[in-house]
Amino acid sequence: MARQERAIRTREAILEAMASLFIEVGYEAATIAALIERTGLTRGALYFHFPTKEAMAHGVLARAVTREGIAPQTHKLQEWVDLGLVLAHRLPREPMLRAAVQLSVDPRARGLFGTRWPDWIRLGENLLVEAKERGELLPHAVPSEIARLTVGAWTGVQLVTEALPEGLDLSEEIARLYQLILPNVASTGVLAKLDTSPYRAERLLGTATDADAGRVYHP
């Protein structure tokens, strides 16, 4: 059991180190030699867990789609919003998620491995279909369209926020994105009950401090 736990920790350390390299230099320039230098592992130990750089990229992408921090809510539409808010909070703090997004927009990597965007779209669409069945969406709202366009918009906001020099906060920008989308798709009675605060993810993940809990967000 102890050996298995060590193997799991080593595998995680390799993926995290390679994720950091993908972020810093891109997929093409990330090398096994640089990874060995960063982790201190031998080439043999590295290849025991991942035979190729491509296998590591697949490992990083496999971690991209997660419901971690998403608890059941009274409204399925709130769970759908929470997916985007929690990801926005975690992405700047977790190299694995950042690297997965970077691999998805890197033309070379995307051609080799595809992306996890279809999985995010499917996850969101499932929640939106449930929301539609419960009467939480306006009659004209189509779950598949909302899910697809929101994933595209979310990704665009993330890329632009990262590139602009203004020091914008991703959680706040994504919160504004949902505040623009929801009035066009949510039923009136449900809309007033949805929480789109950029601080919501901190509360869901249990990372909010006492000072955070007292913050008030004014969209």
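Structure first, text after, so check above.
The rules behind these values
In every chain, residue numbers begin from 1 and rise along the written sequence. Only residues with pLDDT of at least 70 get local features here, since the model is predicted, and only at 80 or more are side-chain atom pairs given and counted; chain-wide, interface and lining totals rely on the full set of residues. The side-chain figures draw on all heavy atoms in the structure; neither hydrogens nor water molecules are used. Runs of H or I in DSSP of at least four residues are treated as helices and runs of E of at least two as strands, each being numbered from the N terminus. To estimate how far a helix should extend, the number of its residues minus one is multiplied by 1.5 Å. Here the term buried applies to any residue with accessible area under 20% of the maximum for its type, exposed to any over 50%, and partly exposed to those in between, with areas from a 1.4 Å probe on protein chains only. The arc in question is traced by the directions running from the helix axis to the C-beta atoms. Contacts are assigned to residue pairs with any non-hydrogen atoms lying within 4.5 Å of each other. Residues are said to line a cavity or pocket when one of their atoms sits within 4 Å of a point; the points come from a 1 Å grid over protein atoms alone, cavities being sets where a 1.4 Å probe fits but cannot get out and pockets being open sets with protein on both sides within 12 Å along at least five of seven lines. Grid points are joined across faces, edges and corners, and a volume is the space filled by probe spheres set on the points. Three categories are distinguished: nonpolar for Ala, Val, Leu, Ile, Met, Phe, Trp, Tyr, Cys and Pro, charged for Asp, Glu, Lys and Arg, and polar for the others, with Gly belonging to the last. Orientation is described by axes fitted as lines to C-alpha atoms, over the contacting stretch for helices, and by angles from 0 to 180 degrees between their N-to-C directions. The scheme is simple: roughly parallel for angles under 35 degrees, roughly antiparallel for over 145, roughly perpendicular for 65 to 115, oblique for anything else. Aromatic pairs are defined between Phe, Tyr and Trp rings, using the six-membered ring for Trp, whenever the two ring centres lie within 6.5 Å; interplanar angles under 30 degrees are classed as stacked, those over 60 as edge-to-face, and all others as tilted. Residues belong to one nonpolar core when they are buried, are Ala, Val, Leu, Ile, Met, Phe, Trp, Tyr or Cys, and are joined through side-chain atoms within 4.5 Å. Salt bridge criterion: a side-chain nitrogen from Lys or Arg within 4 Å of a carboxyl oxygen from Asp or Glu. Crossing handedness follows the turn of the near helix against the far one: under a right angle anticlockwise gives a left-handed crossing, and clockwise gives a right-handed one.

(A) Spatial organisation of helix H10 (residues 170-181). Helix length check: H10, at twelve residues, gives a terminal C-alpha distance of 17 Å against a target of 16 Å (1.5 Å per residue), a fit within 8%. Residues of H10 that are buried: Leu 170, Ser 171, Ile 174, Ala 175, Leu 177, Tyr 178 and Ile 181. Seen end-on, H10 carries its buried residues on one side only, within an arc spanning 155°. Among the structural elements, helix H5 (76-90) and helix H9 (143-163) are those in contact with the buried residues of H10.

(B) View of empty space enclosed by the protein. All chains considered together, the criterion is met by two cavities of 30 Å³ or more. At the level of elements, H5, helix H6 (95-105), helix H8 (117-133) and H9 are the ones that each hand at least two residues to the lining of the largest cavity. Here the element with the most residues in the lining of the largest cavity is H9; it accounts for five residues. Tallied by class, residues from the lining of the largest cavity come to 14 nonpolar, five polar and one charged. The calculated volume of the second largest cavity comes to roughly 40 Å³.

(C) Molecular detail of the packing of helix H1 (residues 2-29) against helix H4 (residues 53-62). Interhelical geometry of H1 versus H4 gives an angle of 105° and a closest axis separation of 10 Å. It follows from the interaxial angle that H1 and H4 lie roughly perpendicular. Contact residues: Ile 14, Leu 15, Met 18, Ala 19, Phe 22, Tyr 27 and Glu 28 in H1; Lys 53, Glu 54, Met 56, Ala 57, Gly 59 and Val 60 in H4. Here the residues of the contact of H1 with H4 sort into nine nonpolar, one polar and three charged.

(D) Seen up close, the packing of aromatic side chains. Going through the model one piece at a time under the given rule, you end up with three aromatic pairs. With centroids separated by 5.6 Å and ring planes inclined at 40°, the aromatic side chains of Phe 22 and Tyr 27 adopt a geometry described as tilted. Neither residue differs from the other here; Phe 22 and Tyr 27 are each classed as buried. Ring geometry for Tyr 27 against Phe 113: centres 5.4 Å apart, planes inclined by 80°, an arrangement best described as edge-to-face. One end of the pair, Tyr 27, is in helix H1; the other, Phe 113, is in helix H7 (residues 107-113), with 86 residues separating them in the sequence.

(E) Summary view of the nonpolar core. Counting residues in hydrophobic clusters, the biggest one holds 36 residues, and the most contacted among them are Leu 77, Trp 80, Leu 137, Trp 154, Ile 174, Tyr 178 and Leu 182. Looking at this core, the elements that each hand over two or more residues are H5, H6, H8, H9 and H10. In terms of residue count, the dominant contributor to this core is H5 (eight residues). In contact with Ile 174, not counting residues within four places along its chain, are Gly 84, Leu 85, Ala 88, Trp 154 and Val 157. Membership of the second largest hydrophobic core comes to 26 residues, among which are Ala 30, Leu 46, Leu 61 and Ala 99.

(F) The arrangement of the pattern of salt bridges in detail. All chains considered together, the criterion is met by 15 salt bridges. Linking Arg 108 and Glu 28 is a salt bridge whose minimum nitrogen-to-oxygen distance equals 3.2 Å. Of this pair, Arg 108 sits in helix H7 while Glu 28 sits in helix H1, and the two are 80 residues apart along the sequence. The exposed category is assigned to Glu 28, whose relative accessible area is 51%. We note a salt bridge from Arg 67 to Glu 79, for which the minimum N-O separation is 3.3 Å. Of this pair, Arg 67 sits in the loop between H4 and H5 while Glu 79 sits in helix H5, and the two are twelve residues apart along the sequence.

(G) Main features of the packing of H5 against H9. Where H5 contacts H9, the axes come no closer than 12 Å and their chain directions differ by 15°. If you check the angle between H5 and H9, you find them roughly parallel. The way H5 lies across H9 gives a crossing that is right-handed. Contact residues: H5 offers Trp 80, Gly 84, Leu 87 and Ala 88, while H9 offers Ile 146, Thr 150 and Trp 154. Of the residues contributing to the contact of H5 with H9, the split by class is five nonpolar, two polar and no charged.

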